[in-house]
Amino acid sequence: MAAWPSGEPVTAALATLAVDSRCALGEGILWCERRRVLYWTDILAAELWRHDPASGHTHTWSLPAPLGCLALARDGRLLLGLAKALHASDVEAQLDRRDLLTTKLADVEADEPLTRVNDGRADRHGGFVFGTKSEHADLRPIGRFHQYTAAHGLRELALPRAAIPNSICFDADGTTMYFCDSVVPRILRCRYDAATATVSDIGVFVDLDTPGAEPDGSIIDHEGALWNAQWGAGRVVRYLPDGRLDRIVRTPASQPSCCVLAGGTLYLTSARVGLDDAALADQPLAGGVFVHDAGRALARSADRVRLP
């Protein structure tokens, strides 16, 4: 047991390897309750991964551009956030293919060549919210946040421009949105109106307490707590709705990137990008998917996007 600065106990545990995927930049992991499988992306390899924990079978598909994020759709397809466009694909009908066939839904920031789609998540109302990452060498904050719906297409959210938008997730009724810019060690939240694609009351949810930690992908569990993968700190942290640190899950890789709950089981992706030979020798499992028994059924039912 560790202790929060207030003196309250904090539960700490260690995740173990589930899939030795060794992704350059594993991200965006999802759990499909219907099919009982995991999906995630290796952004830099432009690959979509699928893993069945029951059988141990893993399949990968190649894509024509980096896949920044993905979401489950209500009709069984996946929504795929490729570098400069949103696509849809019936991936389960293509388990015999290596190159994935997709249908374009919308172009993304065609007027700005130096951004690409990054983190994204289904909201509670059938829409999809995502951010675009700055591809400038100096990471100048030109990335934007967008909502996609079948009825309205793309609508930009009035949130501050970001270098690396991340941590997008929603509370139980879908009226509070969490998000961050990973270059700043804090997670923000705001009021979110899905019908009008408007946001308000932006404020700080938590400041990270570990030097060098960067907030990456987040999820909300059925108790309203936020789980955040913290890049550079080798951990996933569970924060209670009031921002108190409740639990730490440490990882055998320093760059955990995104997490998901499958019942009471926590899965998380990680990355190898940027690690030198010495770091990789010390972290041979970096880029893998890790697993941890969270102890009780914390998962919410997966939100799904309504696609045209």
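Residues numbered from 1 in each chain as written. Predicted model: local features only at pLDDT ≥ 70, side-chain atom pairs only at ≥ 80, totals over all residues. Heavy atoms only, no water.

(A) Expanded view of the pattern of salt bridges. Evaluation of the coordinates by the stated rule reveals 18 salt bridges. The residue R77 makes a salt bridge to D75 at a minimum N-O spacing of 2.8 Å. The shortest N-O distance in the salt bridge between D138 and R140 comes to 3.1 Å. Linked by salt bridges that have partners in common, D221, E223, R238, D246 and R247 make up one network. (Salt bridge = Lys/Arg side-chain N within 4 Å of Asp/Glu carboxyl O.)

(B) Local environment of the sheet that holds strand 4 (residues 26-32). Across the sheet, 4 strands lie side by side as 4-5-6-7; this open sheet has antiparallel pairing. Either end of the sheet is taken by a strand with one partner, and the two such strands are strand 4 and strand 7 (58-62). Pairs of neighbouring strands in the sheet enclose a mean axial angle of 20°, with direction left out of account. Inspection of the sheet shows strand 6 (residues 47-51) paired to strand 7 by 5 bridges, in the antiparallel sense. Among the inter-strand pairings, E47 is bridged to a residue of strand 7, identified as S62. (Pairing = 2+ DSSP bridges. Helix = DSSP H or I, 4+ residues; strand = E, 2+ residues; numbered from the N terminus. Axes fitted to C-alpha atoms, helices over the stretch in contact; angles between N-to-C directions.)

(C) Expanded view of the side chain of N166. Within the element layout of this structure, N166 appears in strand 16 (residues 165-170). A polar side-chain atom of N166 sits 2.9 Å from a polar atom in the side chain of S182. Apart from the residues within four sequence positions on either side, N166 is in contact with E27, N118, D119, F179, C180, S182, P215, D216 and G217. (Polar contact = N/O pair within 3.5 Å; in protein donor to acceptor, adjacent residues only side chain to side chain. Contact = heavy atoms within 4.5 Å.)

(D) Representation of the environment of L105 within the structure. Checked against the element boundaries, L105 lands in strand 11 (residues 103-107). Overall, L105 belongs to the partly exposed group, its relative accessible area being 22%. In sequence terms L105 and L79 are 26 residues apart; their C-alpha atoms lie 9.0 Å from each other. Excluding its chain neighbours within four sequence positions, the residues that come into contact with L105 are L79, L86, H87, A88, Y148, L307 and P308. (Buried < 20%, exposed > 50% of the residue type's maximum accessible area, 1.4 Å probe, protein only.)

(E) Quick look at the packing of aromatic side chains. Using the criterion set out here, one finds 7 aromatic pairs in the structure. Seen from their ring centres, F205 and Y239 are 6.2 Å apart, and the 80° between their planes marks the pair as edge-to-face. Taken together, the residues span a long stretch of sequence, with F205 in strand 19 (residues 198-207) and Y239 in strand 22 (residues 235-239) at a distance of 34 residues. As far as the burial class goes, F205 and Y239 line up, both buried. (Phe/Tyr/Trp six-rings, centres within 6.5 Å; stacked < 30°, edge-to-face > 60°.)

(F) The pairing of strand 16, seen in detail. Most of strand 16 is tucked away: 6 of the 6 residues are buried. The pairing of strand 16 with strand 17 (residues 176-181) spans 4 bridges and is antiparallel. Paired with F170 across the strands is M177, a residue of strand 17. Following strand 16, the chain reverses through 5 residues before pairing antiparallel with strand 17; G174 in that reversal takes a positive phi of roughly 75°.

(G) Molecular detail of the confidence of the model for the chain. For the chain, mean pLDDT is 95; residues scoring 70 or higher make up 96% of the total. Counted against residues more than four places away or in other chains, residues 1-8, with its pLDDT under 50, gives 12 contacts. (pLDDT = per-residue confidence, 0-100.)

(H) Region of interest: the environment of A12. Residue placement: A12 occurs in strand 2 (residues 9-14). Spatially, the C-alpha atoms of A12 and L67 are 32 Å apart, while their sequence positions differ by 55 residues.

(I) Spatial organisation of the side chain of K133. Within the secondary structure layout, K133 lies in strand 13 (residues 128-134). Within polar-contact distance, the side chain of K133 engages the side chain of E135 at 3.0 Å. Excluding its chain neighbours within four sequence positions, the residues that come into contact with K133 are L114, T115, R116, N118, L139, A163, I164 and P165.

(J) Seen up close, the state of the cysteines. All told, the structure shown has 0 disulfides when counted by the stated rule. Here C32 is not cross-linked by a disulfide; its sulfur's nearest cysteine counterpart is in C258, at 16 Å. Unpaired in this structure, C69 has its nearest cysteine sulfur neighbour in C258, at a distance of 9.8 Å. (Disulfide = S-S within 2.5 Å.)

(K) Representation of the sheet that holds strand 16 within the structure. Taken in spatial order, the 4 strands of this open sheet run 16-17-18-19, and their pairing is antiparallel. Edge positions in the sheet fall to strand 16 and strand 19, since each has one partner strand and no second. With strand direction ignored, the average angle separating the axes of adjacent strands in the sheet is 25°. Where strand 17 and strand 18 (residues 186-193) come together, 4 bridges link them in antiparallel fashion. In the sheet register, F179 faces strand 18, and the bridge partner there is L188.

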